[in-house]
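A look at the structure
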Amino acid sequence: MKPSTLLEVAQRAGVSTATVARVLKAKGYVSEVARSRVEAAIKATGYRPNAVARGLRQQRSFTVGHMLTAITANPFFVNVAHWAEEEALAEGYKTFLFNHNGSAERERLGVERFIERRVDAVLFTNAIDRHNVQLLTEAAIPVIQLERAATIEAPSIRVDNLSGALEAIAHLVQFGHRRIAFIGGHPELINRGDRHFTSVEDERLAGYREGLRQAGIPIDESLIRLGRYYHIEDGGSGIEGYRHIKALLALPERPTAIFATCDILAAGALQGIYEEGLRVPEDISIIGFDDTLAANLAPQLTTVAQPMEDLGRLGFRAALDAIEGRSVVMSTVLPTRLVVRRSAGIAPHPKS
């Protein structure tokens, strides 16, 4: 079916093409009667503005690049990309995705591709090398950093990981848990952003430590396990969480609860727990972080939900503000929320 044209919309509405254009751009005076007729004609004809022609007139490509870490390894990146794309489509933009897979060299290649495509802005979830971000700013292409920030020279929308971790620990404490283990990312192994801010990993560990302190629970360093969240090359399996839980369950006095700072880690930990013949949450409780895999695990996982929809939507809105010359807040921090499901419960009574 041949797409409708601006002239067809104008003829159906009984107005000039200039009037239709003013309605589409939301610029210039149009009477309420004429505006209503144009909007009805647009809906009836299914008219869509020609982005290419619009871009030539306004010196825009109506495209936004989105640099991602690895959508095949972690559903977090898929979700952020999805919501950014939804918001972009609503504004007549397309998004181009590029996965750097943890490589600064590949990230630079993606940046060069974005520049070649003349994208109007770039989202990073997450950036590795601040020099790659600078390449874009030097090319006068706005950049928005999501979840983590590699440089303070470009706006960022991040997450309050500290409060999320505190809420997770408080939830376990209220069930009577005192031997609470921590499974998380090692700041020196997770090479993504956070150069000028406290890292995501440090924030989550600090929340764990502070949560125990507030509850009057001494910190047992043997209950803290740090490493990678997953390996991109193996598709993001839960092997790291599995290894950590095996070590924790082998302690002379095992933990009664686990705080795993990634749902992928939690999934691997669940596998190890079941192999030991233990029940969740009757014998051991577990809380995750992200809310990606959580609802599909058995039992369904209580987890700290990252605001993935807000990261994607607000990320694109900030990019659009920058494209159109409006001011953009340099640093925004979004809240997390604890999603209570079935994997955390009352601490088991110690054996006499």
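Residues numbered from 1 in each chain as written. Predicted model: local features only at pLDDT ≥ 70, side-chain atom pairs only at ≥ 80, totals over all residues. Heavy atoms only, no water.

Thoughts on the sheet that holds strand β12 (residues 337–339)
Working definition: the strands of a sheet are paired by backbone hydrogen bonds and lie parallel or antiparallel to each other. Rules: Should DSSP find at least two bridges between two strands, the strands are regarded as paired. The numbering of helices and of strands both runs from the N terminus, where a helix is a DSSP run of H or I of at least 4 residues and a strand a run of E of at least 2. As a rule, the C-alpha atoms of each element are fitted with a line to give its axis, helices using only the stretch in contact, and angles between N-to-C directions run from 0 to 180 degrees. In this analysis, two residues are considered to be in contact whenever any of their non-hydrogen atoms come within 4.5 Å of each other.
Here 6 strands make up an open sheet; going across it, the order is β7-β6-β8-β9-β10-β12 and the pairing mixed. Looking at which strands have only one partner, the edges of the open sheet turn out to be β7 (224–227) and β12. Going across the sheet, the axis of each strand differs from the next one's by a mean of 15 degrees, ignoring polarity. Sheet topology places strand β6 (residues 180–185) next to β7; 4 bridges connect them, and they run parallel. In the sheet register, G185 faces β7, and the bridge partner there is G227. Here helix α8 (residues 161–174) sits on the sheet in contact with β6, β8 (257–260), β9 (285–290), β10 (302–305) and β12, set at roughly 165 degrees to β9. The sheet contacts of helix α10 (residues 239–249) involve β6, β7 and β8, and relative to β7 the element is tilted by about 155 degrees.

Focus: helix α6 (residues 104–116)
To keep it simple, the criterion reads: Residue count minus one, scaled by 1.5 Å, sets the expected span of a helix. Remark: exposure states derive from per-residue accessible area (1.4 Å probe, protein chains only) relative to the maximum for the residue type, with buried under 20%, exposed over 50%, and partly exposed in between. Note that the arc is defined by the directions from the helix axis to the C-beta atoms.
With 13 residues, α6 ought to run about 18 Å at 1.5 Å a step, and its terminal C-alpha atoms sit 18 Å apart, in line with that. Among all positions in α6, only E107, G110, V111 and F114 are buried. Mapping the buried residues of α6 onto a view down its axis gives an arc of 100 degrees, with all of them on the same face. In α6, the exposed residues that point more than 90 degrees away from the buried face are E105 and E116. Where α6 is buried, its residues meet β1 (63–68), β2 (94–99), β3 (121–125) and α7 (130–138). Just past α6, the residue R118 takes up positive phi, approximately 60 degrees.

Considering the packing of aromatic side chains
Put simply, the rule is: Only centres within 6.5 Å qualify two rings of Phe, Tyr or Trp (six-membered ring in Trp) as a pair; their planes then separate them into stacked at under 30 degrees, edge-to-face at over 60, and tilted for everything else.
On inspection of all chains with the given rule, the structure shows 7 aromatic pairs. Note on F76 and F77: the rings are 5.3 Å apart at their centroids and 80 degrees apart in plane angle, and the pair reads as edge-to-face. For F76, a relative accessible area of 2% puts it in the buried group. Owing to a relative accessible area of 1%, F77 belongs among the buried residues under this scheme. Note on F259 and F289: the rings are 6.3 Å apart at their centroids and 45 degrees apart in plane angle, and the pair reads as tilted. Here F259, found in strand β8, pairs with F289, found in strand β9; they are 30 residues apart in sequence, far enough to count as distant. F289 carries the same exposure label as F259, and that label is buried. Taken together, the ring pairs in this structure connect F182, Y208, F259 and F289 into an aromatic cluster.

Here's the deal with the pairing of strand β5 (residues 156–159)
Residues S156 and R158 of β5 are buried on one face, and the alternating residues I157 and V159, pointing to the opposite face, are buried as well. As paired elements, strand β4 (residues 143–147) and β5 share 3 bridges and run parallel to each other. Note that in β5 the partner of L146 across the bridge is I157. The sheet contact formed by β5 and strand β11 (residues 331–334) spans 4 bridges and is parallel. In the strand pairing of β11, I157 is matched with T332.

Details of the environment of F259
Looking at F259, the relative accessible area reads 0%, which means it is buried. The spacing of F259 and A295 is 36 residues in sequence and 17 Å in space, taken between C-alpha atoms. Non-local contacts of F259, meaning those with residues more than four positions away in its chain, are made with A165, A168, I169, A181, F182, I183, R204, I287, G288, F289 and V304.

Re the nonpolar core
Rules: Throughout, nonpolar core names a set of buried Ala, Val, Leu, Ile, Met, Phe, Trp, Tyr and Cys residues whose side chains join them through atoms within 4.5 Å.
Counting 70 residues, the largest nonpolar core has Y93, Y208, I258, F259 and I286 as the members making the most contacts within it. Among the elements that take part in this core, helix α12 (residues 308–323) stands out by supplying 7 residues, more than any other. In terms of nonpolar packing, the next biggest core, distinct from the first, is built from 14 residues, M67, L136, I141 and V143 among them.

Digging into the sheet that holds β5
The strand order across the open sheet formed by 6 strands is β2-β1-β3-β4-β5-β11, and the pairing between neighbours is parallel. Across the chains shown, the open sheet's two edge strands, defined by having one partner strand only, are β2 and β11. With strand direction ignored, the average angle separating the axes of adjacent strands in the sheet is 20 degrees. Of the strands in this sheet, β1, β2, β3 and β4 are in contact with helix α5 (residues 75–90), which crosses β1 at around 175 degrees.

Quick notes on the packing of α8 against helix α9 (residues 200–214)
Our working rule: If you view the pair so one helix is near and one far, a crossing is left-handed when the near helix is turned anticlockwise from the far one by less than a right angle, and right-handed when it is turned clockwise.
Closest axis-to-axis distance for the α8/α9 pair is 7 Å, and the angle between their directions is 40 degrees. Judged by the sense of rotation from one axis to the other, the crossing of α8 with α9 is right-handed. For the pair α8 and α9, the contacting residues are N161, L162, A165, L166 and I169 in the first and V200, E203, R204, A206, G207, Y208, E210, G211, L212 and Q214 in the second.

Some remarks on the pattern of salt bridges
Let me state the cut-off plainly: Whenever Lys or Arg places a side-chain nitrogen within 4 Å of a carboxyl oxygen from Asp or Glu, that contact is recorded as a salt bridge.
The final tally for this structure, using the stated rule, is 21 salt bridges. We note a salt bridge from K246 to E276, for which the minimum N-O separation is 2.8 Å. Taken together, the residues span a long stretch of sequence, with K246 in helix α10 and E276 in the loop between α11 (263–275) and β9 at a distance of 30 residues. Look at K246 and you get partly exposed, because its relative accessible area is 25%. Through salt bridges with shared partners, a single ionic network connects E87, E91, E309, R313 and R317.

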